[in-house]
Amino acid sequence: DTWAGVTGGNSATKPKVLYAWKDAVANKETVAGYVPVSKDSLADYSELKDIIENDLLIDLAEKTDAKYLTGNNPTGIVGITNTPGIQTMSDKYNKQYFDAIRHMRTLVVQNSRRIPTHVCVNPLIKEAIDLYKTETGLYQALGENMYWGMQVVEDENCPGILVYDFLAARRRSIHGTTVEVGYVNDQFVKNELSILAEHAKALQVRYADAFCYATKTTLDQKGA
């Protein structure tokens, strides 16, 4: 607040700000997967190993992304939608997603005092917004990939809409991604081997109220 200045030779005390927070822990979680494969097949098809490794990395990233959004591991990654303190939209919008996103943006600004930078949407919701036409037959959105000043992130793992400030959480890489080849059980004598991909990640949510989430099921319902 305002400093009262000096009166009669005495300087007024400046306003004090008390800062408080809740301690929290971002637990690491190891995400992994392996593919057993015949060494004979690897020898027959020179590109097979590269294909398997590439697919493993794609699957690893997909699984980890799902954990960041909806994970609920008490000793590992707790996803955004299961993080205590995030805002949830329970209003019914009869599939008026564009309106809902704007209202969710307001909730983030009002309650967290942060300006949301991104909006994550399920592909079905993005399709509905992209194909929505006004009464004059004009498309509401023309593929600029921005809704209400926020960058759009289309994600199949998102069960609805998530409006957020990108800096309100951090994805922590505890152990980097590795791809290794080895043997499991009696694979050595069976002329087989396994290709394993893994990494260890953690999600640190710094400002929970800078996220506002709504499920597609709720948004699709008609209001009273």
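Please read all numbers here as calculations on a predicted model, not as lab measurements.

Caption draft 1: Spatial organisation of helix 2 (residues 48-70). In this model helix 2 runs 33 Å from its N-terminal to its C-terminal C-alpha over 23 residues, within 8% of the 33 Å that 1.5 Å per residue would give. Among the residues making up helix 2, those that are buried are Ile52, Glu53, Leu56, Leu60, Thr64, Ala66, Tyr68 and Leu69. Tucked into the core, helix 2 has its buried residues touching strand 3 (29-38), strand 8 (160-164), strand 9 (169-182) and strand 10 (192-205).

Caption draft 2: Local environment of helix 3 (residues 97-112). Look at helix 3: 22 Å from first C-alpha to last across 16 residues, which is about the 22 Å you get at 1.5 Å a residue. Of the residues making up helix 3, those classed as buried are Tyr97, Phe98, Ala100, Ile101, Met104, Arg105, Val108 and Ser112. Projected onto a plane normal to the axis of helix 3, the buried residues spread over an arc of 155 degrees and lie on a single side. Phi turns positive, to about 60 degrees, at Arg113, one or two residues after helix 3.

Caption draft 3: Summary view of the pattern of salt bridges. Per the counting criterion, the structure on display carries 6 salt bridges. Here Glu53 ties to Lys49 by a salt bridge, and the two come within 2.4 Å at their closest N and O atoms. Of this pair, Glu53 and Lys49 both sit in helix 2, 4 residues apart, which is roughly one turn of the helix. Owing to a relative accessible area of 35%, Lys49 belongs among the partly exposed residues under this scheme. Put simply, Asp130 and Lys126 hold a salt bridge, and the shortest N to O gap is 2.8 Å. Separated by 4 residues within a single helix, Asp130 and Lys126 lie in helix 4 (residues 123-131), roughly one turn from each other. On the accessibility criterion, Asp130 (22% relative accessible area) is partly exposed.

Caption draft 4: The sheet that holds strand 7 (residues 150-154), seen in detail. Strands sit in the order 4-11-8-5-7-6 across an open sheet of 6 strands; the sheet is mixed. Only two strands of the sheet have a single partner each, and these edge strands are strand 4 (87-88) and strand 6 (146-147). Across 2 bridges, the pairing between strand 4 and strand 11 (residues 211-215) is parallel. Looking at the pairing, Gln87 lines up with Cys212 of strand 11. Helix 3 contacts strand 4, strand 5 (118-121), strand 6, strand 7, strand 8 and strand 11 of the sheet and is inclined by roughly 35 degrees relative to strand 8.

Caption draft 5: Seen up close, a negative patch on the surface. Together, Asp55, Asp59, Glu62, Glu154 and Glu156 make up a negatively charged patch on the protein surface. For Glu62, the location among the structural elements is in helix 2.

Caption draft 6: Fine view of the packing of aromatic side chains. Counted under the stated rule, the structure contains 5 aromatic pairs. With a centroid separation of 5.8 Å and an interplanar angle of 45 degrees, the aromatic rings of Tyr19 and Trp21 are classed as tilted. Here Tyr19 matches Trp21 in class, with each residue exposed. Ring centres of Phe98 and Tyr147 lie 5.7 Å apart, and the angle between their planes is 85 degrees; this geometry places the pair in the edge-to-face category. One end of the pair, Phe98, is in helix 3; the other, Tyr147, is in strand 6, and 49 residues separate them in sequence. Of the two residues, Phe98 and Tyr147, neither departs from the other in class, the shared state being buried.

Calculation criteria
Residues numbered from 1 in each chain as written. Predicted model: local features only at pLDDT ≥ 70, side-chain atom pairs only at ≥ 80, totals over all residues. Heavy atoms only, no water. Helix = DSSP H or I, 4+ residues; strand = E, 2+ residues; numbered from the N terminus. Expected span 1.5 Å × (residues − 1). Buried < 20%, exposed > 50% of the residue type's maximum accessible area, 1.4 Å probe, protein only. Contact = heavy atoms within 4.5 Å. Arc of directions from axis to C-beta. Salt bridge = Lys/Arg side-chain N within 4 Å of Asp/Glu carboxyl O. Pairing = 2+ DSSP bridges. Axes fitted to C-alpha atoms, helices over the stretch in contact; angles between N-to-C directions. Patch = residues over 30% accessible without salt bridge, like charges linked within 9 Å, V, L, I, M, F, W, Y side chains within 5 Å. Areas by Shrake-Rupley, 256 points an atom, 1.4 Å probe, with all protein chains shown as cover. Lys, Arg positive; Asp, Glu negative; His and termini not counted. Charge placed at Lys NZ, Arg CZ, Asp CG, Glu CD. Phe/Tyr/Trp six-rings, centres within 6.5 Å; stacked < 30°, edge-to-face > 60°.

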